[in-house]
Amino acid sequence: MHPALSEIEKVCSMLVHKKLIYSKYDEVGIVLFGTEDTNNELTTEVGGYQHVVVLKNIKVVDGDIVEALQQLPRGTTDGDFLDAVIVGMDVLVKKFGVTNKGKKRVCLITNAQCQIKESDEGTKEEQVTTIAKQMTAHGIKMESIIMRGKLSQDANKGIMDENDRLLNIFSKETSTRLLYVENPISLFGALRTRNIALVTVFRGHLEISPKLSIKVMVYKKTTEEKFPSMKKYSDKAPPNDKFAKHEVKIDYEHKSSKDPDKVVPPDQRIKGYPYGPQIVPISSAEWEAVKFKPEKGVKLMGFTDSSNVFRHHYMKDVYVFLPEPGNTRAMIAVSAVARAMKEMNKVAIVRCVWRQGQANVVIGVLTPNLSDKENIFSVQPDSFYLNVLPFAEDVREFQFPSFTNFPASWQPNGQQLEAAANLIKTLDLAPHGQEEVLLPDFTPNPVLERFYRYLELKSKDPDVAVPPLDGTLKKITEPDTDLLLQNKSEIDSFCRSFELKGNPLKKSRRLLGGKRSFSNDEEVKGNITAQPANLTGNASVNVGKIGDLTPVQYFEALISRRDSPDWVVKAINEMKNKIFDLVEDSHEGDNYPKALECLVALRKGCILEQEPEQFNDFLKHLWNFCQEKNLPSFCEYLASKELTLISKTEAIDSENTDDKARKGFLVKSEPKVD
């Protein structure tokens, strides 16, 4: 156990750090077992309980407890965790008696590798059952964290199995949370360092139909943990005043723009909302009248296949729907619906309004969550998980070209696919027969944990430097170096399978065809049938419009911008206008080559961005435009270059087959009439 004590010191200290922030009136005590010394009241009163030390009696959390947890003594004898549990219970009962039921907690951290001594009365199992009943009678909850992993390789398996059976009795007979952890990262997340109050989001009926409803209670299952709220601090208080709160109070005054010395009272102020060039004032009474005030309740909209609801559409937090406790009919109804949905692979779409007067409506998807207990009336009944779904305004549609539409030379070959598959297998975070790494339930937020640690150091020394990131937390933010070294051959094989080229920033790009100008017609024709270029290379160039000097280069940069989906449409429309201008302003065909370059760039851009009809419609419109403006020479010029529409092979959304794109609208000049 000694190799893991340094990590245990960190995680236990972190527990007290968080209590000092969020629950500063909580009381904590420390009991050690397997120590050389013995120091507990039960030894004096009834005898026994050797090598168990009450390091700190229960008291309100403070810095003294933090320091004690950071320097735990190393024991020299085997530890009996049952003796430690009994001593911990004795300390709690003597301190609180029968009060605070449900708020008393024993947290046991052990490797459970040392043999438990025989009981004087009955078997070990009977002794554990008696202890569990006493814990339940006094309203004491228990949390058992078993450190295993590399520590258990040389341990006696028989003793470990026996201890596991005893701990499982605690889990069955009491409200005990039993967890096995394999590594320091899991240990950091296993200990609940902060208890969140169980508050319902909604209590009411899940309405299946006007004549059928189920009584449910809704809780938040996951929500983002944020930094503790900072308070403004004032140093104006007398330095000798120990009771000074150093609070800062802020008052706001609204003054007239016409008369800066005149304060505008609240009844003369009104909010305004921008609408075009003007500000539209809306009073609070008008705003209340405009607000949508739906009726409180949860109503079923219908069912759909689970494949119709995409994971990337899940929004915000996750909620859990539980049947009302003690309501047998509700439990049976929830279980029946959940199991039927699971069997049919269905999910439910529901409309939720949590509170009366709530200004918004939530549309979500209910996913069945079946209990692993056979008895549906157990502590963990069948339930539903709710994920909020987006409305049309919430969805962000970013358009990216499909890999299937790229030329064969751009597609990965068999060797590359095999190298990628081997890389994925070797870097699997959940290998067969082992615990999954970075499980969400056991992986703490390294940013928050580092902040708590720094806050504790700052409370002792105002000038302390920010410490480096803890080694255990660093493993969460970076790839496992041991795993990378073990699989170096597969990683190197993957790298060798792909030709990697540098992409220097702010480097002047050549035109799409690879040349800045065309010297003859053959080069132009070759560029028309060339493979689509990688338009994302100009992503670092912040271009807002297409310039006159090098329009193709500007078009490439503009269409590759990904900060908004509007840039693709803007780039295509600007390039269309540029082509119109070049053709219309041409003198004796001097702008035709440049216009053709722009057409080639537009065609390739529309292929990559999966906008084939944008180009196809434009090419037809350009043909009609040249006929109307009496510019047949440009039509003849295009005909000589054999510019075609985009086919379905090049872009799946195209309405033209290969033959239709090549022959159905091959740009040809009309015969001259003598």
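It should be noted that the structure appears before, not after, this text.
Residues numbered from 1 in each chain as written. Predicted model: local features only at pLDDT ≥ 70, side-chain atom pairs only at ≥ 80, totals over all residues. Heavy atoms only, no water.

Caption draft 1: Up close: the overall build of the protein chain. Regarding its fold elements, the protein chain presents 21 helices and 14 strands. Nonlocal contacts in the protein chain, meaning residues at least 24 apart in sequence, comprise 69% of its contacts between residues at least 6 apart. Summed over all atoms, the accessible surface of the protein chain reaches about 41500 Å², with 52% contributed by carbon and sulfur. (Helix = DSSP H or I, 4+ residues; strand = E, 2+ residues; numbered from the N terminus. Contact = heavy atoms within 4.5 Å. Areas by Shrake-Rupley, 256 points an atom, 1.4 Å probe, with all protein chains shown as cover.)

Caption draft 2: Structural view of the nonpolar core. By size, the foremost hydrophobic cluster in this structure holds 41 residues, and its most contacted members are I579, L599, L602, L622 and F634. Here this core gets ten residues from one element, more than from any other, and that element is helix α18 (residues 592-608). Those residues in contact with F634 that lie beyond four places of it in its chain are V583, Y592, A595, L599, L622 and C626. If you look at the next biggest cluster of nonpolar residues, it comprises 30 residues, including V85, V87, A112 and V128. (Core = buried A, V, L, I, M, F, W, Y, C linked by side-chain atoms within 4.5 Å. Buried < 20%, exposed > 50% of the residue type's maximum accessible area, 1.4 Å probe, protein only.)

Caption draft 3: A look at unusual backbone geometry. Backbone geometry at Y49 places phi at a positive 55 degrees, although glycine is not the residue there. Checked against the element boundaries, Y49 lands in the loop between α2 (41-45) and β2 (52-60). What makes Y49 buried here is its relative accessible area of 18%. Positive phi, close to 60 degrees, is recorded for L438, a residue that is not glycine. Structurally, L438 is set in the loop between α10 (414-426) and α11 (446-460).

Caption draft 4: Expanded view of the sheet that holds strand β3 (residues 104-110). Taken in spatial order, the three strands make up an open sheet running β3-β4-β5, and their pairing is parallel. Each of the sheet's edge strands pairs with one partner strand only, and the pair in question is β3 and β5 (176-181). Strand-to-strand twist across the sheet, computed as the mean angle between neighbouring axes with direction ignored, equals 10 degrees. Bridging between strand β4 (residues 140-147) and β5 involves six bridges; their strand directions are parallel. Following the sheet pairing, M142 is matched in β5 by T176. Sheet strands touched by helix α6 (residues 157-173): β3, β4 and β5. Its angle to β5, the strand with the most contacts, is close to 145 degrees. (Pairing = 2+ DSSP bridges. Axes fitted to C-alpha atoms, helices over the stretch in contact; angles between N-to-C directions.)

Caption draft 5: View of the side chain of E611. Structurally, the position occupied by E611 is in the loop between α18 and α19 (612-628). Although buried, E611 forms no salt bridge, and the nearest oppositely charged side chain, K576, lies 8.4 Å from it. If we ignore the near neighbours within four places in the chain, the residues touching E611 are Q399, I572 and C606. (Lys, Arg positive; Asp, Glu negative; His and termini not counted. Salt bridge = Lys/Arg side-chain N within 4 Å of Asp/Glu carboxyl O.)

Caption draft 6: The arrangement of the packing of helix α4 (residues 81-96) against helix α5 (residues 124-137) in detail. One can describe the packing of α4 onto α5 by two numbers: an axis separation of 11 Å at closest approach and a directional angle of 20 degrees. Accordingly, the angle class assigned to the pair α4 and α5 is roughly parallel. Two packed elements cross with a definite hand, and for α4 against α5 that hand is left-handed. Touching L82, V85, I86 and M89 of α4 are Q127, V128, I131, Q134 and M135, all from α5. Looking at side-chain class alone, the contact of α4 with α5 contains seven nonpolar, two polar and no charged residues. (Parallel < 35°, antiparallel > 145°, perpendicular 65-115°, else oblique. Left-handed = near helix turned anticlockwise from the far one by under 90°. Nonpolar A, V, L, I, M, F, W, Y, C, P; charged D, E, K, R; others polar.)

Caption draft 7: Spatial organisation of the side chain of S186. Relative to the helices and strands, S186 is located in helix α7 (residues 184-190). Those residues within four positions of S186 in sequence are excluded, and the remaining contacts are V181, E435 and F442.

Caption draft 8: Focus on the sheet that holds strand β13 (residues 362-369). Pairing within the closed barrel is mixed, and its seven strands lie in the order β6-β7-β11-β14-β13-β12-β10. Each neighbouring strand pair of the sheet contributes to a mean axis angle of 40 degrees, computed without reference to strand direction. Across five bridges, the pairing between strand β11 (residues 315-323) and strand β14 (residues 383-388) is antiparallel. Each bridged residue has a counterpart across the sheet, and for M315 the counterpart in β14 is V388.

Caption draft 9: Structural view of the packing of aromatic side chains. Applying the stated criterion to the full structure yields twelve aromatic pairs. An angle of 55 degrees between the planes, with centres 6.0 Å apart, marks the rings of F202 and W354 as tilted. Residue F202 is found in strand β6 (residues 200-209), and its partner W354 is found in the loop between β12 (346-353) and β13; the two are separated by 152 residues along the sequence. Centroid distance Y273 to W287: 5.8 Å. Interplanar angle 25 degrees. Geometry classified as stacked. Of this pair, Y273 sits in strand β8 (residues 271-275) while W287 sits in helix α8 (residues 284-290), and the two are 14 residues apart along the sequence. For Y273, a relative accessible area of 33% puts it in the partly exposed group. On the accessibility criterion, W287 (38% relative accessible area) is partly exposed. These aromatic residues form a ring-pair network of at least three members: Y22, F227, F451 and Y452. (Phe/Tyr/Trp six-rings, centres within 6.5 Å; stacked < 30°, edge-to-face > 60°.)

Caption draft 10: Here's a closer look at the pairing of strand β7 (residues 212-222). Relative to β7, β6 runs antiparallel, the two sharing eight bridges. Across the sheet, the residue bridging to R203 is M217, located in β7. Relative to β11, β7 runs antiparallel, the two being bridged by six bridges. For T222, the partnering residue across the bridge sits in β11 and is V318.

Caption draft 11: Examining the pattern of salt bridges more closely. As enumerated under the stated definition, the model contains 30 salt bridges in all. In this structure, K124 and E118 form a salt bridge, with 3.6 Å as the shortest nitrogen-oxygen distance. For K124, a relative accessible area of 3% corresponds to the buried category. Residue classification places E118 among the exposed residues on the basis of a relative accessible area of 58%. A network of salt bridges, in which partner residues are shared, links E41, E45, D90 and K94.

Caption draft 12: Looking closely at helix α9 (residues 328-344). Across its 17 residues, α9 extends 24 Å between first and last C-alpha, which sits within 8% of the 24 Å expected from 1.5 Å per residue. Taken as a whole, α9 has its buried residues at A330, M331, V334, S335, A338 and M341. When α9 is viewed along its axis, its buried side chains cluster within an angular range of 135 degrees and face the same direction. Residues of α9 that are exposed and point more than 90 degrees away from the buried face comprise R329, E343 and M344. Residue N327 occupies the N-cap position of α9, its side-chain oxygen lying 3.3 Å from the main-chain nitrogen of R329. N345 sits one or two residues past α9 and shows a positive phi near 60 degrees. (Expected span 1.5 Å × (residues − 1). Arc of directions from axis to C-beta. Polar contact = N/O pair within 3.5 Å; in protein donor to acceptor, adjacent residues only side chain to side chain.)

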